[in-house]
Amino acid sequence: MIATGPEDDRLYRITELGVLAVAVVQDVRHAAPMAQALLDGGLPCVEVTLRTPVALEVLRELAGDDRLRLGVGSVTSLGQLEAALAAGATFVVTPGLSPAIVRECARLDVVVVPGVATPTEMQMACDHGLDVVKFFPAETLGGPAALAAMTAPYPQLRLVPTGGIDASTMRGYLKNPAVLAVGGSWMVAPGLLAAGDGTTIAALAREAVALGRRERT
């Protein structure tokens, strides 16, 4: 297999919790308080996206905290991949399916979760030996109903839907047994980070984890 399967213990915490925080961090000073708030809320899994100039610095800031499962998102090139791994990311999420990135992650034995949006891309994922992919942008593509319809021919795939999901919609995705976890930014929204509102971040994380676990039992 090129990609790491859902049984791999490197995905265990994300799978167990059913939710992954997706963070767009504009100021490195927000990184440590955000991480602590997520940990306080029982959510030690966060994907830092490469959508801001300080993203690599944020990864370096958080990499020393072994309580976190730290990933990098929005990876679109081999250069970004190399830099993010050097900064301390332990798993990789991409917006689309890049064979070059998938091959390099396989060579390095790094977990990669590439994005797919169509049945054609799901077929490409299977052809590349992948068994875990991101369904993105989930809400724009039609939500849980679209995901269920597109994945029906591919029972070997497990998915992490991301994009426009919040606490009010995550339940619909988690009801699908093909879904490993839901990715979302509502818990770490830019306004909450800028305000330093760790109390709300922790509360939203706690709510999401409770819902994720409830839907898995």
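Please set out the sheet that holds strand 3 (residues 69–73) residue by residue, giving values where relevant.
The strand order across the open sheet formed by 6 strands is 5-4-3-2-1-9, and the pairing between neighbours is parallel. The open sheet has two free edges, formed respectively by strand 5 (111–113) and strand 9 (182–184), since each of these has just one partner strand. Adjacent strand axes in the sheet meet at a mean angle of 25°, parallel and antiparallel pairs treated alike. Inspection of the sheet shows strand 2 (residues 45–49) paired to strand 3 by 5 bridges, in the parallel sense. Looking at strand 3, one finds that Glu47 is bridged to Gly71.

Lay out the nonpolar core with the relevant residues and their values.
In terms of nonpolar packing, the biggest core is built from 79 residues, with Val19, Met34, Leu38, Leu43, Leu62 and Met170 touching the most fellow members. Element by element, the count of residues in this core is highest for helix 2 (residues 31–40), at 6 residues. Those residues within four positions of Leu38 in sequence are excluded, and the remaining contacts are Ala21, Leu43, Val46, Val188, Ile201 and Ala205.

Lay out the packing of helix 4 (residues 78–87) against helix 5 (residues 99–108) in plain terms, naming residues and giving numbers.
Helix 5 packs onto helix 4 with a crossing angle of 35° between their chain directions and a minimal axis gap of 10 Å. For the pair helix 4 and helix 5, the crossing hand works out as right-handed. Along the contact surface, helix 4 presents Leu78, Leu81 and Leu85, while helix 5 presents Ala100, Ile101, Glu104, Cys105 and Leu108. Partitioning the contact of helix 4 with helix 5 into residue classes produces 7 nonpolar, no polar and 1 charged.

I'd like a description of the pattern of salt bridges, backed by residues and values.
A complete count under the given rule lists 6 salt bridges for this structure. Ionic pairing is found between Asp65 and Arg67, a salt bridge with its closest N-O pair at 2.8 Å. On the basis of relative accessibility, which here comes to 44%, the residue Arg67 falls in the partly exposed class. Here Lys175 and Glu215 are joined by a salt bridge, their closest N and O atoms 3.4 Å apart. In this pair, Lys175 is assigned in the loop between helix 8 (170–174) and strand 9 and Glu215 in helix 10 (residues 198–216), connecting sequence segments 40 residues apart. For Lys175, a relative accessible area of 56% gives the class exposed.

The rules behind each value
Residues numbered from 1 in each chain as written. Predicted model: local features only at pLDDT ≥ 70, side-chain atom pairs only at ≥ 80, totals over all residues. Heavy atoms only, no water. Pairing = 2+ DSSP bridges. Helix = DSSP H or I, 4+ residues; strand = E, 2+ residues; numbered from the N terminus. Axes fitted to C-alpha atoms, helices over the stretch in contact; angles between N-to-C directions. Core = buried A, V, L, I, M, F, W, Y, C linked by side-chain atoms within 4.5 Å. Buried < 20%, exposed > 50% of the residue type's maximum accessible area, 1.4 Å probe, protein only. Contact = heavy atoms within 4.5 Å. Left-handed = near helix turned anticlockwise from the far one by under 90°. Nonpolar A, V, L, I, M, F, W, Y, C, P; charged D, E, K, R; others polar. Salt bridge = Lys/Arg side-chain N within 4 Å of Asp/Glu carboxyl O.

Take it as geometry only, folks, not as evidence of what the structure does.
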